[in-house]
Amino acid sequence: MLASRALVRGLQSGFWRRVSTSSAAWAAHTHDIDVVDCSIPQYNNRLDTPLPDVPFVRNLSAEQKKLKEKEKGSWTQLTKEEKLALYRLTHELSYAEMRQGSKEWMTVLGGVFIFLGFTGLLVWWQRVYVYGDVPHTLSEESVAQQTQRMIDMRVNPVHGFSHKWDYEKKQWK
């Protein structure tokens, strides 16, 4: 018994030592993580701030740099495609594109209906297989007998059940 405990303890500590010092465990902690610095301005598409603090494209290609140089001149010399390309350097989406609705509501509504359908099936299954028959005490005759018994016993005569029964006329007030 003592030898088996020592064997298990040795296997556990040896296993833990191998796992905690393995190169795979160290490699998982050494890879570079892209950290977002929230203290510097960031680009975002929002309806309440349609003009972002920084441009959408920060690292310009050679063609984009040439277009930016051409932008400094007369805008009448720019074509419609060049103006659009300059706009897309600064903004990812136009205001109209940001306001355009999405089809996400269909997914949400579909999920709600799936959930309601599953819940309905669960309730039906419980009524059929889990719950038994309705107790006989809930039948019309049994409820009438219980009511008459409570009236005969004069249950709660001041503010309750018997208060609403006229004992002389034998009817409800």
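Source: prediction; values computed, not measured.

1. Let's talk about helix H7 (residues 140-152)
Okay, step 1: With 13 residues, H7 extends 18 Å between its outermost C-alpha atoms, agreeing within 8% with the 18 Å of an ideal straight helix rising 1.5 Å per residue.
Okay, step 2: In the stretch just after H7, Arg-154 is the one whose phi turns positive, near 55 degrees.

2. Re a nonpolar patch on the surface
Okay, step 1: A surface patch of nonpolar side chains, about 1000 Å² in accessible area, is lined by Phe-118, Leu-121, Leu-122, Trp-124, Trp-125, Val-128, Tyr-129, Val-130 and Tyr-131.
Okay, step 2: On the accessibility criterion, Val-130 (47% relative accessible area) is partly exposed.

3. What about the pattern of salt bridges?
Okay, step 1: Overall, the coordinates contain 5 salt bridges when judged by the stated rule.
Okay, step 2: In this structure, Asp-48 engages Arg-46 in a salt bridge whose closest nitrogen and oxygen atoms are separated by 2.6 Å.
Okay, step 3: Classification of Asp-48 as exposed rests on a relative accessible area of 53%.
Okay, step 4: A salt bridge links Arg-88 to Glu-97; the nearest nitrogen and oxygen atoms lie 3.0 Å apart.
Okay, step 5: Look at Glu-97 and you get partly exposed, because its relative accessible area is 31%.

Calculation rules
Residues numbered from 1 in each chain as written. Predicted model: local features only at pLDDT ≥ 70, side-chain atom pairs only at ≥ 80, totals over all residues. Heavy atoms only, no water. Helix = DSSP H or I, 4+ residues; strand = E, 2+ residues; numbered from the N terminus. Expected span 1.5 Å × (residues − 1). Patch = residues over 30% accessible without salt bridge, like charges linked within 9 Å, V, L, I, M, F, W, Y side chains within 5 Å. Areas by Shrake-Rupley, 256 points an atom, 1.4 Å probe, with all protein chains shown as cover. Salt bridge = Lys/Arg side-chain N within 4 Å of Asp/Glu carboxyl O. Buried < 20%, exposed > 50% of the residue type's maximum accessible area, 1.4 Å probe, protein only.

Read these as layout, nothing more, since geometry by itself doesn't imply function.
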